[in-house]
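This is what each chain is made of:
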Amino acid sequence: MVIFARFKSFWLGTLSFAVLLVLWESLVRLGWINPFLTSSPTDIAVHFVRQTQSGELSVNLGVSLLEFALGFGGAVVAGILMGILMGWYRLLEYTLEPFVWFLYSAPLIAFYPLFVIWLGLGAPTVIAITFLFSYAPILVNTASGVKTVDKELLRAAISFGARRSDLFFKVVLPASVPMVMAGLRLGVGRALLGVVVAELFGATAGLGYSINYYGALMQTTDMFVSLVVILVLGVGFTQGVAMLEHRFDSWRVGHEQ
Amino acid sequence: MADSAPKAGRDVSSFSADSRWHKPVVGLISVGLFLAVWEMAPRLGWIDPFYTSAPARMYSVGLEVFQSGELMENIRVSLVEFCWGFALALLAGIPLGLLLGTNATARALLDPLVTALYCMPRLALLPVIIMWLGIGMESKVVVVLIGAVLPIIVNTMAGIREVDPNWARAAVSFGASRLDVFVKVLLPGSVPAVLTGVRLGLGRGILGVVIAEMYVSVAGVGHLIVTYGAAMRVDHLVFYSMLVSVFGFAAVTAVGKVEERLQSWRGD
Amino acid sequence: MAHIQIENLSITYQSPQDGKPFVAVDSVNLTIDQGEFVTIVGSSGCGKSSMLMAIDGLIAKEGRVLVNGREVNAPGPERAMVFQEFALMPWRSVLQNVLFGLELQRWKGGDRIKRARHYVNLVGLSGFEDYYPHQLSGGMRQRVGIARALAVDPEILLMDEPFGALDAQTRDVMGDELLKIWDREKKTALFVTHSIDEAIFLGDRVVVMQKGPGRIKVVIKIDFPRPRAVELRDEPEFATYRRRIRDLLSTEVQELQRIKEDSHG
């Protein structure tokens, strides 16, 4: 029954996607909506192939992925390290917490022009924005993972003679892995948002740049090519990290596959 | 993290709670210190004030733009855009979330679409939306809407689905109808998750209105930010950047507090 | 010879609500001999678990705890604890959990893995070495907890309601098996429980505690020969012990009732 239900929901989901695409295509073909504004699935596919063959897509994708990797990679390293320190040293936590929550909840894009003044227009600013967007969720989750380690486990370790470094390496670190993974899942989406938005505002290459560029030329179909790629990246990254999280998480929830 | 044996009785207590005032006081001191360094560093010649401005200048800029009327007029524009967009997000998001949470067929049909949109950076649609709706208020409202609505849908849906099925069973055993179960069990049971969605949506919505105004517009705080940025007028730029940031921070924190309060009332 | 000597042990907590001090254990004196199995029974809140934590050196105390005549204030390798909620590291397999104590104590006495395997077998978990705690039942998890404690070769086993989280049947089986293991390993054992039957069945002596503040009410010697079998619980003498302890604990309830009424009237 469960398998049947899952099977059914998979097909219903696929069906709804297909219906959406067919509807879109037909409305354009029937002349009910203007393809200049909405493009159409077949046009997008044709332009996708053209952009791929010309190498344009791979250049833009490459630039965006590199900026993403540097910004998000930096946020992962810095966020985990700082999160561990903040979770472990309470004074540091209290000192930095207002700034961290500010980073977490403020619309940081407002500082984009300031970054342009500091770093110039282009890749460095995009990387900085990407870093800033994804840093806080990783840090906050890591810190709370370190802080909320089960006291009974710490007590057991101390009872068996753990030193402070043992507590850290053998209890606190492994115990906080699931929370760190949850932070990465939140961070990865925000990092991608950071790359795309920063590229929209000012860049010379990248998927966001491409949307902005074709937008200015009113070439809807080419805009949609980049949008589709961004959609796929968003789903792929998030699901990828979610799967990774699930693997590391199995012991925490206590569910069997 | 000195490599020494923990002292008896102290060990676990270093992870326990300490006095209530400790945290806000340290936080205040540290923010104060940050502002002091920001203010003093240019004066001492450590950094060029052109790049960083300074807190005291924020005050004079604030006074100036307030008196000229620039501040209130642009805040009004941004707030109106934001409120329309966010109100629509609530009106659309909560019912849709409730539907997806209670109806398996609707969920099967729409869940993949919702998940895909939830995962993607929806602000990438900004140029398309501008092309469709122009550079006026409508496009901003829609940007806020698509930014805020998905977290609200997804969390409301999750909230309904995570209501303890035993509560519904208990209600049914006392003779509740399907409507009763929905109104008396599922709806109140999902309130905390809906609030979480509202908080996340709020953050996304504020980000949306700022980005949309920064991208292209004729008025609004985001518009001022890019204008002053392009003119390299860092004092004004930093003032407005801080303004929207503090607003976003305060709004999200306020909803977070309501969430916390509610959870402690309910003992979740 | 006295293996553990508890002198004037008092434990005071700060109440987390109002910060007022709360006396959990009040001037307890107790001497436990080498190889003795002592059980501590009392209603919840009588400070029996706190006492065990203090003996292990996990919480602050007043008074003295002497092991082999030497005062102890921190955990040491001669004592090992079995926890009520098992306290197994969820990311470690059964074998790795049993190795945990050996790692922390920088065990030098030969092959750690061989030793860990030995104790996994001893508690009846051979074949489950690579399972993770969440894949095991409560009873099996506590077997891991016991193996982890035994593996570091302590002189003293401290057990804090180790079967408190288990269902009644599993509980009896575990008690029976614990005695079999104890017969072979010959440790001094201090076992906290709120089950009167468990306390009588396992103990050479039963320490009955009262609460408000936690004090020793009486220590009862249990005159059953060892090894003991499950059927012991059906003996008339067992029933006599049971009735006596139950009466001691219920007079406490009545007394508390009386004090309450007095203070209200």
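Conventions we followed
- Residues numbered from 1 in each chain as written.
- Chains lettered and ligands numbered in written order.
- Predicted model: local features only at pLDDT ≥ 70, side-chain atom pairs only at ≥ 80, totals over all residues.
- Heavy atoms only, no water.
- Helix = DSSP H or I, 4+ residues; strand = E, 2+ residues; numbered from the N terminus.
- Rg over C-alpha atoms; globule rule 2.2 N^0.38 Å.
- Buried < 20%, exposed > 50% of the residue type's maximum accessible area, 1.4 Å probe, protein only.
- Contact = heavy atoms within 4.5 Å.
- Areas by Shrake-Rupley, 256 points an atom, 1.4 Å probe, with all protein chains shown as cover.
- Pairing = 2+ DSSP bridges.
- Expected span 1.5 Å × (residues − 1).
- Polar contact = N/O pair within 3.5 Å; in protein donor to acceptor, adjacent residues only side chain to side chain.
- Buried area = accessible area lost by both parts, 1.4 Å probe.
- Salt bridge = Lys/Arg side-chain N within 4 Å of Asp/Glu carboxyl O.
- Domains from an automatic or database assignment.
- Axes fitted to C-alpha atoms, helices over the stretch in contact; angles between N-to-C directions.
- Parallel < 35°, antiparallel > 145°, perpendicular 65-115°, else oblique.
- Left-handed = near helix turned anticlockwise from the far one by under 90°.
- 1 Å grid on protein atoms, 1.4 Å probe; cavity = no way out; pocket = protein on both sides within 12 Å on 5 of 7 lines; lining within 4 Å.
- Points joined across faces, edges and corners; volume = space filled by probe spheres on them.
- Nonpolar A, V, L, I, M, F, W, Y, C, P; charged D, E, K, R; others polar.
- Phe/Tyr/Trp six-rings, centres within 6.5 Å; stacked < 30°, edge-to-face > 60°.

1. Some words on the overall build of chain C
No. 1: When helices and strands are tallied, chain C shows 7 helices and 10 strands.
No. 2: For a compact globule of 265 residues, the expected C-alpha radius of gyration is about 18 Å, and chain C comes in at 19 Å, within 12% of that figure.
No. 3: Considered along the principal axes of its C-alpha atoms, chain C spans approximately 65 × 45 × 40 Å.
No. 4: Split into buried and exposed, the 265 residues of chain C put 54% on the buried side.
No. 5: Counting only contacts in chain C whose residues sit at least 6 apart along the sequence, the fraction spanning at least 24 positions is 70%.
No. 6: Accessible surface, chain C as shown: approximately 11,800 Å² in total, 49% of it carbon and sulfur.

2. Thoughts on the sheet that holds strand β5 (residues 70-71) of chain C
What holds strands together in a sheet is hydrogen bonding between their backbones, with the strands either parallel or antiparallel.
Residues and elements named next belong to chain C.
No. 1: What the 4 strands build is an open sheet, ordered β2-β1-β4-β5; its pairing is antiparallel. Bordering the open sheet on either side are β2 (21-33) and β5, each of which pairs with just one other strand.
No. 2: Sheet topology places strand β1 (residues 2-14) next to strand β4 (residues 62-67); 5 bridges connect them, and they run antiparallel. What sits directly across from Q5, in β4, is L66.

3. Some points on helix α5 (residues 168-185) of chain C
Given 3.6 residues per turn, any residue in an α-helix points the same way as the ones three and four places further on.
Residue and element names in this part refer to chain C.
No. 1: Given a rise of 1.5 Å per residue, 18 residues ought to cover 26 Å, and the 25 Å separating the end C-alpha atoms of α5 matches this to within 8%.
No. 2: Among the residues making up α5, those that are buried are R171, M174, G175, D176, L178, L179, I181, W182 and E185.
No. 3: Along its buried surface, α5 packs onto β3 (37-41), α3 (112-122), α4 (138-151), β7 (156-160), β8 (188-193) and α6 (196-202).
No. 4: N-capping of α5 is provided by D167, with a side-chain oxygen placed 3.3 Å from the backbone N of Q169.
No. 5: Phi for K186, located one or two positions after α5, is positive at around 50°.

4. Description of the interface of chain A and chain B
No. 1: Residue-level contacts link 62 residues of chain A with 61 residues of chain B.
No. 2: Summed over both partners, the interface of chain A with chain B comes to about 5,700 Å²; 78% of that surface belongs to carbon and sulfur atoms.
No. 3: Inspection of the chain A/chain B interface yields 1 salt bridge.
No. 4: We note a salt bridge from E97 of chain A to K23 of chain B, for which the minimum N-O separation is 3.2 Å.

5. Re the domain arrangement of chain A
No. 1: Partitioning chain A into domains gives domain 1 (1-33) and domain 2 (43-253).
No. 2: One C-alpha centre belongs to domain 1 of chain A, the other to domain 2 of chain A, and the line joining them spans 32 Å.

6. Some words on the packing of helix α4 (residues 70-102) of chain B against helix α7 (residues 137-161) of chain B
All names here are of chain B.
No. 1: Running from N to C, α4 and α7 point in directions that differ by 30°, and their axes come no closer than 6 Å. In terms of orientation, α4 lies roughly parallel with respect to α7. Crossing of α4 against α7: the hand is right-handed.

7. Focus: the pairing of β3 of chain C
Along a regular strand, successive side chains alternate from one face of the sheet to the other.
Residue and element names in this part refer to chain C.
No. 1: Across the 5 residues of β3, 5 count as buried, placing the element largely inside the fold.
No. 2: Burial along β3 is two-sided: the face carrying F37, T39 and V41 and the face carrying V38 and I40 are both buried.
No. 3: Sheet analysis places β3 next to β8, joined by 5 bridges and oriented parallel. Of the residues in β8, the one forming a bridge with T39 is F191.

8. What to know about the layout of surface pockets
No. 1: Of the volumes computed, that of the second largest pocket is approximately 1,100 Å³.
No. 2: Along its surface, the second largest pocket is lined by 32 residues, and L20, W24 and F224 of chain A together with L117 and L125 of chain B are the ones closest to its centre.
No. 3: Elements with a minimum of two residues in the lining of the second largest pocket: α1 (2-29), α3 (41-54) and α11 (220-253) of chain A together with α5 (104-119), α6 (126-133) and α7 of chain B.
No. 4: Split into classes, the residues belonging to the lining of the second largest pocket amount to 30 nonpolar, 1 polar and 1 charged.
No. 5: Mapped onto the domain boundaries, the lining of the second largest pocket takes at least three residues apiece from domain 1 (1-33) and domain 2 (43-253) of chain A.

9. Focus on the interface of chain A and chain C
No. 1: On the chain C side, the residues contacting the 21 residues of chain A number 25 residues.
No. 2: Taken together, the two surfaces of chain A and chain C that pack against each other cover about 2,000 Å², and 67% of this comes from carbon and sulfur.
No. 3: Applying the counting rule to chain A against chain C returns 2 salt bridges.
No. 4: Here E103 of chain C and K170 of chain A are joined by a salt bridge, their closest N and O atoms 2.6 Å apart.
No. 5: In this structure, the connection of chain A to chain C is made through 3 residue pairs in polar contact (both at pLDDT 80 or more).
No. 6: Where the side of chain A that touches chain C is concerned, the elements lending two or more residues are α8 (151-159), α9 (164-201) and α11 of chain A.
No. 7: Tallied by class, the residues present in the side of chain A that touches chain C amount to 10 nonpolar, 5 polar and 6 charged.

10. Observations concerning the packing of aromatic side chains
No. 1: By the definition in use, this model includes 25 aromatic pairs over all chains.
No. 2: Summarising the aromatic geometry, the rings of F99 of chain A and F34 of chain B are spaced 5.1 Å apart at their centres and angled 70° between planes, so their arrangement reads as edge-to-face. Of this pair, F99 of chain A sits in helix α5 (residues 90-105) while F34 of chain B is found in helix α1 (residues 22-43), placing the two residues in two different chains.
No. 3: Exposure remark for F34 of chain B: the relative accessible area of 42% places this residue in the partly exposed category.
No. 4: Seen from their ring centres, F201 of chain A and Y215 of chain B are 6.0 Å apart, and the 70° between their planes marks the pair as edge-to-face. Note that F201 of chain A is positioned in helix α9 and Y215 of chain B in helix α9 (residues 178-215), a pairing that runs across two chains.

11. Concerning unusual backbone geometry
Residue and element names in this part refer to chain C.
No. 1: Going from R226 to P227, the amide bond is cis rather than trans, its omega being -5°.
No. 2: Although it is not a glycine, N68 sits at a positive phi angle of roughly 50°.
No. 3: Relative to the helices and strands, N68 resides in the loop between β4 and β5.
No. 4: N68 sits in the partly exposed class, given a relative accessible area of 26%.

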